[in-house]
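Each chain is listed here by its residues.
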Amino acid sequence: MKSEDVSYLTKNKIGRNAIQITSPFSGKVMPMEEHPQPFFRFGTLGPGIVVSLSSHKVLAPFNGTLLQVKSAGCEFILKANNGLKVLINLAVPDSQTLTHTHIAQLNGSKITKGQRLAYFDLRELDSPILASLIILNGHNLGTFHYSHPQVNAGVDTLLTIIKKK
């Protein structure tokens, strides 16, 4: 997703046709075109946003189900109770590995908003991890907006989707 596909939205512009997704990460919000991997940068899987992490935890952004954990705990596929499917991806620089990843949930587990999905040790990394939230079934949902240049996990809204009428 390009920066023109995700725009800034103030709270007073959010209506009843909106789906708000709480940030599963803490850090600096960046447009998807800044992602180093072309697969994500060009929105191949769907629209999304990327965060340069400043914290060691990944939280559930909504109530739903953890469908799958992949790539040694660096990818999570979640399904919200409203049917929305998201991919949470941690892009660890090629020269580094996350050796102390702790996955808190198993495939098929029910999750609640704010529940810890994973945590890891950032101290062993030389550069920040980029974390993406991709809407897997969001191509036809509507417009996507973000409200904060910096987000706190489990507190701030990362994305707001204004559904088509």
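This is a predicted model, so every value here is computed, not measured.

1. A short note on the overall build of the protein chain
Looking only at helices and strands, the protein chain has one helix and 15 strands in total. Across the 165 residues that make up the protein chain, the buried fraction comes to 48%. Partitioning the contacts of the protein chain with sequence separation of at least 6, the portion at a separation of at least 24 is 71%. Accessible area for the protein chain stands at about 8,300 Å²; split by element, carbon and sulfur atoms hold 49% of it.

2. With respect to the environment of Ser71
When you line up the elements, Ser71 lands in the loop between strand E6 (64-70) and strand E7 (75-80). Expressed as a C-alpha distance, the spacing of Ser71 and Leu90, which sit 19 residues apart in the sequence, is 9.4 Å.

3. Remarks on the confidence of the model for the protein chain
Confidence in the prediction for the protein chain averages 81 pLDDT; 80% of positions are at 70 or higher. Contacts for the low-pLDDT stretch residues 1-5, under 50 throughout, to residues beyond four places or in other chains number 14 contacts.

4. Here we look at the side chain of His145
Along the chain, His145 turns up in strand E13 (residues 142-146). There is a polar contact of 2.9 Å between the side chain of His145 and the side chain of Thr143.

5. Focus: the sheet that holds strand E10 (residues 110-111)
One open sheet accounts for eight strands, arranged E10-E6-E7-E8-E12-E4-E3-E14; its pairing is antiparallel. Strands with a single pairing partner mark the edges of an open sheet, and in this sheet they are E10 and strand E14 (150-151). Of the strand pairs in this sheet, strand E8 (residues 85-91) and strand E12 (residues 130-135) are connected by six bridges, and their pairing is antiparallel. Counterpart to Val86 in the pairing with E12 is Ile135.

6. Description of the packing of aromatic side chains
This structure, assessed with the given rule, holds one aromatic pair. Taking the centre distance of 5.8 Å and the plane angle of 85° together, the rings of Phe39 and Phe40 count as edge-to-face. Assessed through its relative accessible area of 43%, Phe39 is described here as partly exposed.

7. Quick look at the environment of Ile129
For Ile129, the position within the fold is in the loop between strand E11 (116-119) and E12. Separated by 38 residues in sequence, Ile129 and Ala91 place their C-alpha atoms 5.8 Å apart.

Reading the values: the criteria
- Residues numbered from 1 in each chain as written.
- Predicted model: local features only at pLDDT ≥ 70, side-chain atom pairs only at ≥ 80, totals over all residues.
- Heavy atoms only, no water.
- Helix = DSSP H or I, 4+ residues; strand = E, 2+ residues; numbered from the N terminus.
- Buried < 20%, exposed > 50% of the residue type's maximum accessible area, 1.4 Å probe, protein only.
- Contact = heavy atoms within 4.5 Å.
- Areas by Shrake-Rupley, 256 points an atom, 1.4 Å probe, with all protein chains shown as cover.
- pLDDT = per-residue confidence, 0-100.
- Polar contact = N/O pair within 3.5 Å; in protein donor to acceptor, adjacent residues only side chain to side chain.
- Pairing = 2+ DSSP bridges.
- Phe/Tyr/Trp six-rings, centres within 6.5 Å; stacked < 30°, edge-to-face > 60°.

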